[in-house]
Amino acid sequence: MQHGNTTGRTVRDRRARTGVWFVGARGSVATTAVAGCAAVTAGLYPPTGMVTETPPFAEAGLPPLASLVFGGHDTADCPLPKRAEDLTGAGVLPAGLARAVHAELAAADREIRPGGPLPGDTRTDEELITGFAGDLAAFRARHALARVVVVNVSSTEPLPGPDATRLPPSSLYAAAALRAGCPHVNFTPSTGLRTPALTAAAEASGLPHAGRDGKTGQTLLRSVLAPMFVQRALAVRAWSGTNLLGGGDGAALADPAAAAAKNAGKERVLAETLGAGVEGGVHIDDVPALGEWKTAWDHIAFDGFLGSRTILQTIWQGCDSALAAPLVLDLARLVARAHEAGLTGPRPELGFYFKDPDGGPAGLSEQFGALLSFADRLREAG
């Protein structure tokens, strides 16, 4: 196909379909993404929060939302339609949406396979990777998909210790993606591809990949505010944050090791932008009564002219799965298109979406500029 042949691209897109394989496929983020994709495709709701649905990406050759086919791995067994009903009761999904997109949720649920390792699982890492890769290959063949993008949206896992003899679950799924020839996105703080055991395999695979840890709320705001202080020559003395979380995230991050993995990404943007010497950290509390909602509070102390002491406080309240779902759909489409265009390796251009990106600038404005340039590159790729 010649560059700029948008008519040929439209014909191709209508014929080809793209698989999105969620690790954590029955969780809140995946359920919201599947329901949201169906709702936007049907014209029931606008694509609010989806950067890929804005004009700069119109001719970038991204797979249409209607062409996406969903499946995944999970260790949970709650069917997606029921999970969507639960999210409706929690105020995450609008009333009536779960019923309106029941067919799409049920279709995705039929494509979810058991994850692992489960308690008492005696399979070796190699056996798990082989099984997961087989699930991916079967999914691609069953639906005659042009490609499958694996997206990790599972609960945060503790970082592996230096003496770990086995790969963490996120790395097992990532290794399976490489083996099956699938691009990979890690939307979690978990290890994924970032382990010495997979570095060479990822490089040799010739596959695009992106991560780590989606930037949805508190860190998104930090990546906007931190450059402001630098650009205005204001000296930040302390920056402290607190997160109150309910639902599965709160329960998972009650584990100090998992919380440490999460907080590392939250603090990274400040260290990269402001440098060393800023006091404070991030604290996470599990508050089950909040359900699917979260509150993030930041307290920033900085010096102004003639040493005047100034305080800025921010409060971010929202539903993490509703914040994450449009970003996950964006990333799946962008990485799928990168794969089609023959791009390989880590994609620093997608740092706009991550707390811990694969290189590139730390400030949101610069990251957005890199993303727009990436859209231009995809548009020209043909």
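Above: the structure in question.
Quick summary incoming for the structure in this document. (Residues numbered from 1 in each chain as written. Predicted model: local features only at pLDDT ≥ 70, side-chain atom pairs only at ≥ 80, totals over all residues. Heavy atoms only, no water.)

### Structural notes on the overall build of the chain
Next up, step 1: Along the chain, the regular secondary structure elements total 13 helices and 11 strands.
Next up, step 2: In terms of C-alpha radius of gyration, the chain reaches 21 Å, essentially the compact-globule figure of 21 Å for 382 residues.
Next up, step 3: Seen along its three principal axes, the alpha-carbon backbone of the chain occupies a region of about 65 × 55 × 45 Å.
Next up, step 4: For the chain, long-range pairs separated by at least 24 residues make up 80% of all intrachain contacts whose partners lie at least 6 apart in sequence.
Next up, step 5: On the chain, roughly 16200 Å² of surface is accessible, and the fraction owed to carbon and sulfur atoms is 57%.
Next up, step 6: Computed over 34 positive and 38 negative side-chain charges, the separation of the two mean positions in the chain equals 5 Å. (Helix = DSSP H or I, 4+ residues; strand = E, 2+ residues; numbered from the N terminus. Rg over C-alpha atoms; globule rule 2.2 N^0.38 Å. Contact = heavy atoms within 4.5 Å. Areas by Shrake-Rupley, 256 points an atom, 1.4 Å probe, with all protein chains shown as cover. Lys, Arg positive; Asp, Glu negative; His and termini not counted. Charge placed at Lys NZ, Arg CZ, Asp CG, Glu CD.)

### Focus on the pairing of strand S1 (residues 18-23)
Next up, step 1: Burial analysis of S1 places six of its six residues in the buried class, the great majority of the element.
Next up, step 2: With burial as the criterion, each face of S1 is covered, one bearing Thr 18, Val 20 and Phe 22 and the other bearing Gly 19, Trp 21 and Val 23.
Next up, step 3: Looking at chain direction, S1 and strand S2 (residues 68-74) are connected through six bridges and run parallel. Bridge pairing in S2 links Val 20 to Phe 70.
Next up, step 4: Handedness of the S1-helix H2 (residues 28-41)-S2 crossover: right-handed. (Buried < 20%, exposed > 50% of the residue type's maximum accessible area, 1.4 Å probe, protein only. Pairing = 2+ DSSP bridges. Right-handed = clockwise from strand over helix to strand, strands pointing away.)

### As for the packing of aromatic side chains
Next up, step 1: Here the structure, examined in full by the defined rule, presents eight aromatic pairs.
Next up, step 2: Ring geometry for Phe 352 and Tyr 353: centres 5.3 Å apart, planes at 85°, overall edge-to-face. Accessibility assignment for this pair places Phe 352 and Tyr 353 in one class, buried.
Next up, step 3: Members of the aromatic cluster, each reached through a chain of ring pairs, are Phe 229, Trp 239 and Phe 302. (Phe/Tyr/Trp six-rings, centres within 6.5 Å; stacked < 30°, edge-to-face > 60°.)

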